[in-house]
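Structural overview
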Amino acid sequence: MIHTGRASDASESAASVGAAAAGHTTVEESPLLHSATLYENTYGDAAAPRSLDAGITLTCIASAMLVCLAPLQYGYHIAELNTPRKIITSCDKDAVHWASLPMCLPMNDAMYSLATSIFAVGGLLGSLSAGWMAEKWGRRGALLINNVPFVLGPLLMALAVSPAMLIAGRFVSGLGSGAAVVIAPMYLSEVAPLKYRGTLNMFNQLSIVLGILITLTVGMLANEGPYWRISVGAGLLLACLHLAVSSFAVESPRYLWSRNRCAEACAVLRRLRHTSNIEDEVRGWSASPVQQRSSSVRAMLPERRGILRSAAEADDGFSEVSSSADSLHNGQTGIKPDNGEVTGHRGDALQVDSTNVTIFNIFRFAQYRKPWMLVLLLQFGQQLSGINTVFYFSSSVLEKMFSSQVSSILTMMIGVLNVVATASGALVVDRFGRRPLLFSSMAAMGVSVMLLGLGLGLKLNMLAAVSLYLVVASFAPGYGPVPFLLGTEFFDIRAAGAGGSWALAANWIGTFIVATAFLPLQNLIGEWVFAIFVGALVICGITFYFHVPETKGRTIEDIARKFK
């Protein structure tokens, strides 16, 4: 269900501007001023719908779509060298230059493989740095800055005068891609309403496969002469588009809250949910126990109610509070919603671990150790399913039965199927849950990969061709997006960045290992190599069955507490 918002949004903004013009100083760090008791007694929010019951609003879906331009670029770059391989590596010697640039970049198979695989190295480094970026600049801010490699990478490739320059461009694009697929899912889970968190998070995977489809289409249209430069340089347009529109997306309210920008976090949350009753959702964001904070709220309620009521009258109940309340808060309570030492009313200490969680120490915390290991296995196991070998084989299998032109179209249709199947998963993930979608996908994929191996081994071209589509159709709605979704749901706000970085690092490592080992293994044991993928699916499926919890309909804090 999509809500169009309230007519009072504009009046709320105007009231805040009016209050600022009247000389009132607003408060950025005042978690107590957003407690349930204060809202109910002063603003009358108790009658409003709860934010935890909200649907997907236009503000939420618009922000998600703008942010998803980042994983869209990852999808575009990951497949950009698949189609134009021949025209990049060989050309007519009599046509040496085009617009002062070489018509092609002659290189052997090893060099071209390096240009393809160096993308994963950049992705690994980008993933490991993404958590730090998201904590330092915010989710939206980090994605905005991350457009720098998305601009430089396509420029280097489109203007390449040597294989080394093409390789450098791929590496730089990999840096941006690695960070994008960590930060974007994190953002989507943090802005999504509880009931539709799975659906909104799957926008990430849907954007990736849509990016792959776009690059396959562009590659097919530009697969002639020097036009491969247009194909590899088109990513620059996506980066410029993202730069132009990303500021229109709201920042993650959970991130704002973790940085003590509490009034701003609550204002953003109201916009995302289009309701003023946000108390239940905000309550779960604090690292300190709710009971400890609420006792301080009740103690301070009489002396603050007058200030809050005046603020409510000034802006219809939604402006930020004056500086006198801020000084009262800072001078007497010291309570913070973030990790770190939390103090009670008038300085009574409530001890909370203040150690920052990073990629270097996350596994030292007992409450994060199991989810950390699970997200590593989910992402690494995804690559052990052999999904990338399907795309590797698709063109060669189809060319055995059809002409080059027809096989190119059928290969593009695999991309279309990928998009449609991913979209179908997004529609049902919040209805049936993560576990049913994950296990049904893995089971169907195991059968499909086995049929693909049989088709290739027994030279049954039609069976192999059909199996290609079956593998994609079974992978896309479940085993493709669900690991990304679970990776954002297993960690609370304190460990979200570090956990996300490690998850995608495991994915990149798995990609590199499978890509490196597949051909040698195939030469050694033939099509029995697909039995390894089936075995990995079985082992991972059994492990996930006993250890991966269902997260549908549960808050991220509740899920994180399950692992303690």
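Residues numbered from 1 in each chain as written. Predicted model: local features only at pLDDT ≥ 70, side-chain atom pairs only at ≥ 80, totals over all residues. Heavy atoms only, no water.

Moving on, we get to the packing of helix 20 (residues 387–399) against helix 21 (residues 404–432). At a minimum axis separation of 9 Å, helix 20 and helix 21 run at an interaxial angle of 140 degrees. Our classification of the angle between helix 20 and helix 21 gives oblique. The element helix 20 and its partner helix 21 pack so that their crossing is right-handed. Listed contacts from helix 21 to Phe391, Ser394, Ser395, Leu398 and Glu399 of helix 20 are Ser407, Leu410, Thr411, Ile414 and Asn418. (Axes fitted to C-alpha atoms, helices over the stretch in contact; angles between N-to-C directions. Helix = DSSP H or I, 4+ residues; strand = E, 2+ residues; numbered from the N terminus. Parallel < 35°, antiparallel > 145°, perpendicular 65-115°, else oblique. Left-handed = near helix turned anticlockwise from the far one by under 90°. Contact = heavy atoms within 4.5 Å.)

Another aspect to go through is helix 22 (residues 434–457). A rise of 1.5 Å per residue sets the reference length of helix 22, with its 24 residues, at 34 Å; its end C-alpha atoms lie 34 Å apart and thus fit the reference within 8%. A positive phi of about 60 degrees marks Lys459, the residue just after helix 22. (Expected span 1.5 Å × (residues − 1).)

What follows concerns the confidence of the model for the protein. Residues with a pLDDT of 70 or more make up 78% of the protein, whose mean pLDDT is 80. Counting contacts from residues 3–44, a segment whose pLDDT is below 50, to residues more than four positions away or on other chains yields 91 contacts. (pLDDT = per-residue confidence, 0-100.)

This next bit is on the packing of aromatic side chains. What the rule picks out here adds up to 16 aromatic pairs. Pairing Phe363 with Trp372 gives two aromatic rings, centres 5.3 Å apart and planes at 45 degrees, and the pair type is tilted. (Phe/Tyr/Trp six-rings, centres within 6.5 Å; stacked < 30°, edge-to-face > 60°.)

Glancing now at the side chain of Thr59. Its location among the elements puts Thr59 in helix 3 (residues 58–67). We classify Thr59 as buried; its relative accessible area is 17%. (Buried < 20%, exposed > 50% of the residue type's maximum accessible area, 1.4 Å probe, protein only.)

Applying the stated criterion to the full structure yields 16 salt bridges. Measuring nitrogen to oxygen at the nearest pair gives 3.1 Å for the salt bridge that ties Glu135 to Arg139. The buried category is assigned to Arg139, whose relative accessible area is 0%. Here the salt bridges do not stand alone but share partners, grouping Glu135, Arg139, Glu190 and Arg259 into one network. (Salt bridge = Lys/Arg side-chain N within 4 Å of Asp/Glu carboxyl O.)

All right, on to the packing of helix 8 (residues 147–158) against helix 13 (residues 235–245) then. The contact between helix 8 and helix 13 brings their axes to 8 Å, and the two run at 155 degrees. Taken together, the axes of helix 8 and helix 13 lie roughly antiparallel to each other. In this structure, helix 8 crosses over helix 13, and the sense of that crossing is left-handed. Facing helix 8, whose interface residues are Asn147, Phe150, Val151, Pro154 and Leu155, helix 13 presents Gly235, Leu236, Ala239, His242 and Leu243. Residues belonging to the contact of helix 8 with helix 13 are distributed by class as follows: seven nonpolar, three polar and no charged. (Nonpolar A, V, L, I, M, F, W, Y, C, P; charged D, E, K, R; others polar.)

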